Structures are given as structure tokens and as C-alpha cells.
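# Structural features, examined
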Amino acid sequence: MDIPRIFTITESAHRIHNPFTPEKFATLGAALRLESGDRVLDLGSGSGEMLCTWARDYGVIGTGIDMSRLFTEQAKRRAVELGVATQVTFIHGDAAGYVSDDKASVAACVGATWIGGGVAGTLELLARSLRTGGTILVGEPYWRQLPPTEDVAKGCLAGAIADFLTLPELLASFGRLGYDVVEMVLADQDGWDRYEAAKWLTMRRWLEANPGDELAKEVRAKLTSEPERYAAYTREYLGWGVFALMSR
């Protein structure tokens, strides 16, 4: 079980696999008013930066599940590095359908709502691991500005304009699913730059070290095209945020 290898190549140097920065995760933790001993479940935990830093800064305990073997190992090393290995556990596995035996104060899926077939299914899945009165965190893209054409949407790596909502529409959709939006922290263009542009140096160094690899042509094509595509499309049109929800 693993994610496609292209992602472990392009994001191998990332600690955060979405457009958030460490400062944004710190802001989010403070906004949630986390307390020592709060249990956090993170489905699609990546390299574990959110759980590890919150364990260090707020004393939370928790579990992260991720399909990437590389990212899970990175998360375990990060926990040791930050001195929180006794507080957090990282499991290499499929987060789709995962339900925790220990009910969480915070159940999160920050940027991987495909595990539940979309936002609605992911919220339903997270709710099964949440204690009464707990908070769900969901990370999701939205349109900063509506693309003028379907081609522009595809330039943002969406299948169609209809794949994402505007921010007001996204917030309204949570209400229709029976949730109050109680907090949100939004990525900014600097966060997008750090997420996307950091891949380019990683790809260049990987190509220099692996010129004969079977994915070398694909990585070279990405390195050639991604800077222009990102600057023209994703950076201008696509937003991303983490939204804190509580059941009504």
C-alpha cells in the first residue's frame, strides 16, 4: 500500500503536504484552544507536522494514518526529533474507513477528503471517531475567483469548474450538512508558493541523482512546465483552507 511514486519524489522534502506553513498550523492550534491531553485523530497525516507540533506546543496526544510509507516514516522521525514520540502514533495504512476506538476531541482530514468520497462522506467518517461536543477539521480547496473557462479550471488541476466551490458556497455547504463553522484558517499565496515551488528544487536534485530512472522523463516534464502553470493558474484562482466544524 502506497501513494503514487511521483508524489513521494516531488514532495519528499516537504514537512507539510498542502499550502499551509508552520505559522498557519500554529495559528490553527491556537484558534482551536487546544489543551494538554486533548486527543487528535488525523486521517491522511502526511509527514506528521500538524500532530507533532501540536503535541509539542499544546500537549495533545493522537494518532495519524497515512498511505505513504515514506511520509509515515518521516512523521515518526519528526516525533522523535521534537521529543513527542510518546504522545503521538503514526500508522502506515489506508485512512479510508478508519475509525478510532478512542474518541477524539479533534478529528481531522486536512486535504485528503477523497478518503470519504468527498467532503460529505469524510465528515461522516470523521464523526464516527469524535467524542460528543468535539471538533472536526477539514482541509479543502475553493475558488478564490471563479475561473472564466473550463480550460482555466483544468490549468488549476481541477477536472472542471464544478469540482470546487467559492468560499461562501463552501461555508454554506457545511451548514447544509448539519455543521456550524466555528473557525477557519486560510492559506495565502506565500503558503502556496512554499508548497508548490519547493517541489521544483526537489525535482531538479532528484533528476541529477537519478537520470536513468523510469520516471525521469515525467519528472523532467513537470519541472519544465509546473512553474508557468502554477503562476498562471493555481496561484491566482485556487484557495485552500482548514475549517473547524461542530455538529448542530
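Just so it is clear, the structure is predicted and the values come from calculations on it, not from any experiment.

## Concerning the overall build of the chain
Broken down by element type, the chain carries 9 helices and 7 strands. In terms of C-alpha radius of gyration, the chain reaches 18 Å, essentially the compact-globule figure of 18 Å for 248 residues. Dimensions of the chain, computed from the C-alpha atoms along their principal axes, are close to 50 × 45 × 30 Å. When burial is assessed residue by residue, the chain has 51% of its 248 residues classed as buried.

## Observations regarding the environment of Ala231
Topologically, Ala231 is positioned in helix H9 (residues 216-237). With a relative accessible area of 42%, Ala231 lands in the partly exposed category. It is 9.8 Å that separates the C-alpha atoms of Ala231 and Ala197, two residues lying 34 residues apart in sequence.

## Quick look at the packing of aromatic side chains
Per the counting criterion, the structure on display carries 6 aromatic pairs. Relative to Tyr195, the ring of Trp192 has its centre 6.4 Å away and its plane inclined at 55°; by these criteria the two rings are tilted. In this pair, Trp192 and Tyr195 are both assigned in helix H8 (residues 189-209), 3 residues apart and thus about one turn of the helix distant. Pairing Trp200 with Tyr230 gives two aromatic rings, centres 6.2 Å apart and planes at 65°, and the pair type is edge-to-face. On the criterion of sequence distance, the pair formed by Trp200 in helix H8 and Tyr230 in helix H9 is long-range, its members being 30 residues apart. What makes Trp200 partly exposed here is its relative accessible area of 22%. Positioned above the aromatic ring of Tyr195 is the side chain of Lys199, whose terminal nitrogen or guanidinium carbon lies 4.2 Å from the ring centre.

## A closer look at H9
With 22 residues, H9 extends 30 Å between its outermost C-alpha atoms, agreeing within 8% with the 32 Å of an ideal straight helix rising 1.5 Å per residue. Along H9, the helix axis deviates most sharply at Tyr230, where the bend reaches about 50°. Among all positions in H9, only Ala216, Val219, Leu223, Glu226, Arg229, Tyr230, Thr234 and Tyr237 are buried. In this structure, the buried side of H9 is in contact with helix H1 (5-10), strand E5 (130-143), helix H6 (150-155), H8 and strand E7 (238-247).

## A few points about the packing of H8 against H9
Orientation of H8 relative to H9, taken along the N-to-C sense of each, is 165°, at an axis distance of 9 Å. Taken together, the axes of H8 and H9 lie roughly antiparallel to each other. Relative to H9, the crossing made by H8 is left-handed. Where H8 abuts H9, its residues Gln189, Trp192, Asp193, Glu196, Trp200, Met203, Arg204, Trp206 and Leu207 lie against Ala216, Val219, Arg220, Lys222, Leu223, Glu226, Pro227, Arg229, Tyr230, Thr234, Arg235 and Glu236. Among the residues forming the contact of H8 with H9, the class breakdown is 10 nonpolar, 2 polar and 9 charged.

## Focus on unusual backbone geometry
One non-glycine residue, Arg33, lies in the positive phi region at around 60°. Relative to the assigned elements, Arg33 resides in the loop between helix H2 (22-31) and strand E1 (39-43). Phi at Leu157 takes a positive value of approximately 70°, unusual for a residue other than glycine. Note that Leu157 resides in the loop between H6 and helix H7 (167-176).

## Concerning the sheet that holds strand E6 (residues 179-186)
The strands that make up a sheet are held in pairs by hydrogen bonds between backbone atoms, and each pair lies either parallel or antiparallel. If you trace the 7 strands from one edge of the open sheet to the other, you get E3-E2-E1-E4-E5-E7-E6, paired in mixed fashion. Each having just a single partner strand, strand E3 (88-92) and E6 make up the two edges of the open sheet. Between one strand axis and the next, the sheet turns through 20° on average, direction left out of account. Running at roughly 155° to E5, helix H5 (residues 119-127) makes contact with E1, strand E4 (104-110), E5, E6 and E7 of the sheet.

About the thresholds
All chains use their own residue numbering, which begins from 1 and follows the written sequence. A pLDDT threshold of at least 70 governs which residues receive local features in this predicted model, and a stricter bar of 80 or more applies before side-chain atom pairs are shown or counted, although totals over entire chains, interfaces and linings include all residues. Water and hydrogen atoms play no part in the side-chain values, which are based on all heavy atoms of the structure. Segments assigned H or I by DSSP are reported as helices when at least four residues long, segments assigned E as strands when at least two residues long, and all are numbered from the N terminus. Atoms counted for the radius of gyration: C-alpha only. Globule rule: 2.2 Å times residue count to the power 0.38. Exposure classes here rest on a 1.4 Å probe applied to the protein chains alone. A residue is buried below 20% of its type maximum, exposed above 50%, and partly exposed in between. Two rings belonging to Phe, Tyr or Trp (six-membered ring only in the last case) form a pair when the distance between their centres is within 6.5 Å. Interplanar angles under 30 degrees mark stacking, angles over 60 mark edge-to-face geometry, and anything in between is tilted. Definition used: whenever NZ (Lys) or CZ (Arg) falls within 6 Å of the ring centre and also within 35 degrees of the ring normal, the charge is taken to sit over that ring. Residue count minus one, scaled by 1.5 Å, sets the expected span of a helix. Fitting axes to the seven residues ending at a residue and to the seven starting there, one defines the bend at that residue as the angle between these axes. Contacts were defined at the residue level, with two residues in contact if any of their heavy atoms lie within 4.5 Å. Only the stretch in contact is used when a helix axis is fitted, and all axes are lines through C-alpha atoms; the angle between N-to-C directions ranges over 0 to 180 degrees. Note that the term roughly parallel is reserved for angles under 35 degrees, roughly antiparallel for angles over 145, roughly perpendicular for angles of 65 to 115, and oblique for everything else. With the far helix as reference, a near helix turned anticlockwise by less than a right angle produces a left-handed crossing, and one turned clockwise produces a right-handed crossing. Residue polarity is assigned by list, with Asp, Glu, Lys and Arg as charged and Ala, Val, Leu, Ile, Met, Phe, Trp, Tyr, Cys and Pro as nonpolar; anything else, Gly included, falls into the polar class. Note on pairing: DSSP must find at least two bridges between two strands before they are called paired.

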